[in-house]
Amino acid sequence: MIDSRAVVSSKARVHEQSHVGAYAIIGDDVEIGSGTRVEPHAVVKGPTAIGVDNHIFQFASIGDRPQDKKYSGEPTRLVIGDRNTIREACTINRGTVQDLGVTTIGNDNWIMAYVHIAHDCVIGNNTTFANNATLGGHVHVGDFTVLGGFTGVHQYCHVGAHAMLGIASVVTKDIPAYVTVSGQPAEPRGINSEGLKRRGFTTEQIRNIREAYRTVFRQALKLDEAIAIIEDLVPDQPELRLFLDSLKQGTRGLAR
């Protein structure tokens, strides 16, 4: 399943049921799982581990050195899960020793052309990155998040699960779970109610999330005061747990 014109290192481990196209380059310390396709002219460098049934399109650059001037050749890693689609000319870099030393991509993500995912990013599952979306280093993106085309996220920002980032948004602060933002800089515009409906959230759950959003963004409360109110609601409204945790876990300050 490896094209005779591909260049595959003897130090790589490529599953016999994977596919490597013409002129693709698979470097040292790369592991590729069953059913994964690497199309022509893509480059995968290690240490990188790629799971099963992924599809990496032509001219993608996967697992190369981080674009960080502090990087001095340390053996950091990239880990990609299962069933991800990584389209043309995407760049995904390994981690740095200034963080955990690993960039992590989860499962079932849809990563469109020209997306850049920098060193030490942590991407969850079922996300969508539209064309030219860009993450700085150390960014965390939760499950089911959607990044519009040309969106840029500043290093160290946290973007919560089920968030929606509008086209060409410039994100410089943390975005809580469930929230829709847009603008330059990005500002909250409400909750991602349509996305929640599609994922099976009930009308009551969406109403509860909307009320929690209003508590944080519409009542002129200090953040600590809003968090205290939402904490009291979580036992009876468990869908608010993701929202609450995302309010607490960020490091860049909240986009409000």
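Use the structure listed above.
Residues numbered from 1 in each chain as written. Predicted model: local features only at pLDDT ≥ 70, side-chain atom pairs only at ≥ 80, totals over all residues. Heavy atoms only, no water.

Quick word on the overall build of the protein chain
Note the cut-off: The helix count covers DSSP runs of H or I at least four residues long, the strand count covers runs of E at least two residues long, and both are numbered beginning at the N terminus. It is over C-alpha atoms that the radius of gyration is taken, and the globule rule equals 2.2 Å times the number of residues to the power 0.38. Exposure categories follow from relative accessible area, calculated using a 1.4 Å probe and restricted to protein chains: below 20% of the type maximum is buried, above 50% is exposed, and the middle band is partly exposed. Every residue pair with non-hydrogen atoms within 4.5 Å of one another is taken to be in contact.
Secondary structure assignment for the protein chain yields 4 helices and 27 strands. Taken against the 2.2 N^0.38 rule, which gives 18 Å for 256 residues, the C-alpha radius of gyration of the protein chain at 19 Å falls within 12% of a compact globule. Taken over the C-alpha atoms alone, the protein chain extends approximately 65 × 40 × 30 Å along its principal axes. Expressed as a percentage of its 256 residues, the buried residues of the protein chain come to 50%. A fraction of 31% describes how many contacts in the protein chain between residues 6 or more apart in sequence connect residues 24 or more apart.

Section: the sheet that holds strand E2 (residues 13–14)
Strands in a sheet are paired, the pairing made by backbone hydrogen bonds, and the direction either parallel or antiparallel. Keep this limit in mind: When DSSP locates at least two bridges between a pair of strands, those strands are taken to pair.
Strand order in this open sheet of 8 strands is E2-E5-E8-E11-E14-E17-E20-E23, and the pairing throughout is parallel. One side of each edge strand has no neighbouring strand; the edge strands of this open sheet are E2 and strand E23 (158–159).

Observations regarding the sheet that holds strand E1 (residues 7–8)
Across the sheet, which stays open at both edges, the 9 strands sit in the order E1-E4-E7-E10-E13-E16-E19-E22-E25 with parallel pairing between neighbours. Edge positions in the sheet fall to E1 and strand E25 (170–171), since each has one partner strand and no second.

Considerations on the pattern of salt bridges
Cut-off, in case you're wondering: By convention in these notes, a salt bridge is any Lys or Arg side-chain nitrogen within 4 Å of a carboxyl oxygen on Asp or Glu.
Applying the stated criterion across every chain yields a total of 11 salt bridges. Glu88 is paired through a salt bridge with Arg87; the nearest N and O atoms lie 2.9 Å apart. According to the relative accessible area criterion, Glu88 is partly exposed, its value standing at 21%. Salt-bridge contacts for Lys248 lead to Glu231; the nearest nitrogen and oxygen are separated by 2.4 Å. With a gap of 17 residues between them, Lys248 in helix H4 (residues 240–249) and Glu231 in helix H3 (residues 223–233) connect regions that are remote in the sequence. Among the residues examined, Lys248 registers a relative accessible area of 43% and is labelled partly exposed.

Details of unusual backbone geometry
For residues besides glycine, phi is generally negative; the peptide bonds are generally trans as well. Omega for the peptide link from Gly46 to Pro47 comes to 5°, which places this bond in the cis form. The topology assignment puts Pro47 in the loop between strand E7 (43–44) and strand E8 (48–50). A cis amide bond, omega 5°, links Gln184 with the succeeding residue Pro185. Looking at where Pro185 falls in the secondary structure, it is placed in the loop between strand E26 (179–183) and strand E27 (186–191). Notably, Ala89 is not glycine yet its phi reads approximately 65°, a positive angle. In this structure, Ala89 sits in the loop between strand E12 (85–86) and strand E13 (91–93). Notably, Ala168 is not glycine yet its phi reads approximately 60°, a positive angle.

Brief notes about the packing of helix H2 (residues 203–217) against H3
To keep things clear, this is the line we draw: For every element, the axis is a line fit to its C-alpha atoms; helices are fit only across the contacting stretch, and the angle between N-to-C directions ranges from 0 to 180 degrees. The labels follow the angle: roughly parallel below 35 degrees, roughly antiparallel above 145, roughly perpendicular from 65 to 115, and oblique for the rest. Note on convention: the crossing is left-handed when the near helix lies turned anticlockwise from the far helix by less than a right angle, right-handed when the turn is clockwise. In the scheme used here, Gly and all other residues not listed as nonpolar or charged are polar, with Ala, Val, Leu, Ile, Met, Phe, Trp, Tyr, Cys and Pro taken as nonpolar and Asp, Glu, Lys and Arg as charged.
The N-to-C vectors of H2 and H3 enclose an angle of 155°; their axes lie 8 Å apart at closest approach. Accordingly, the angle class assigned to the pair H2 and H3 is roughly antiparallel. Of the two elements, H2 crosses H3, and the hand of that crossing is right-handed. Of the residues in H3, those touching H2 at Ala212, Thr215 and Val216 are Leu223, Ala226, Ile229 and Ile230. Grouping the amino acids of the contact of H2 with H3 by side-chain chemistry returns 6 nonpolar, 1 polar and no charged.

Observations concerning the nonpolar core
As a rule of thumb, soluble globular proteins bury nonpolar side chains together. Put simply, the rule is: Side-chain atoms within 4.5 Å are what join buried Ala, Val, Leu, Ile, Met, Phe, Trp, Tyr and Cys residues into a set we call a nonpolar core.
One finds Ile62, Ile117, Phe129, Leu135, Val153, Ile230 and Phe243 to be the most contacted residues of the largest nonpolar core, which totals 62 residues. Every element with two or more residues in this core is listed here: strand E5 (30–32), strand E11 (77–80), E26, E27, H2, H3 and H4. The dominant element in this core, judged by the number of residues it contributes, is H2, at 6 residues. When residues no more than four places from it in sequence are discounted, the contact partners of Val153 are Thr134, Leu135, Gly136, Val139, Leu147, Val159, Leu165 and Val171.

Remarks on the environment of Val122
You can see Val122 is positioned in strand E17 (residues 122–123). For the pair Val122 and Val139, spaced 17 residues apart in sequence, the C-alpha separation works out to 6.4 Å. If near-sequence neighbours (up to four positions away) are discounted, Val122 is found in contact with Thr104, Val139, His140 and Val141.

Side note on the pairing of E11
The alternating pattern of E11 places Leu78 and Ile80 on a buried face, while none of Arg77 and Val79, on the opposite face, is buried. Bridging between E8 and E11 involves 3 bridges; their strand directions are parallel. From the neighbouring strand, Thr48 faces E11, where its bridge partner is Leu78. For E11 and strand E14 (residues 102–105), the ladder comprises 4 bridges, and the chain directions are parallel. Considered in E14, the bridge of Leu78 is made with Thr103.

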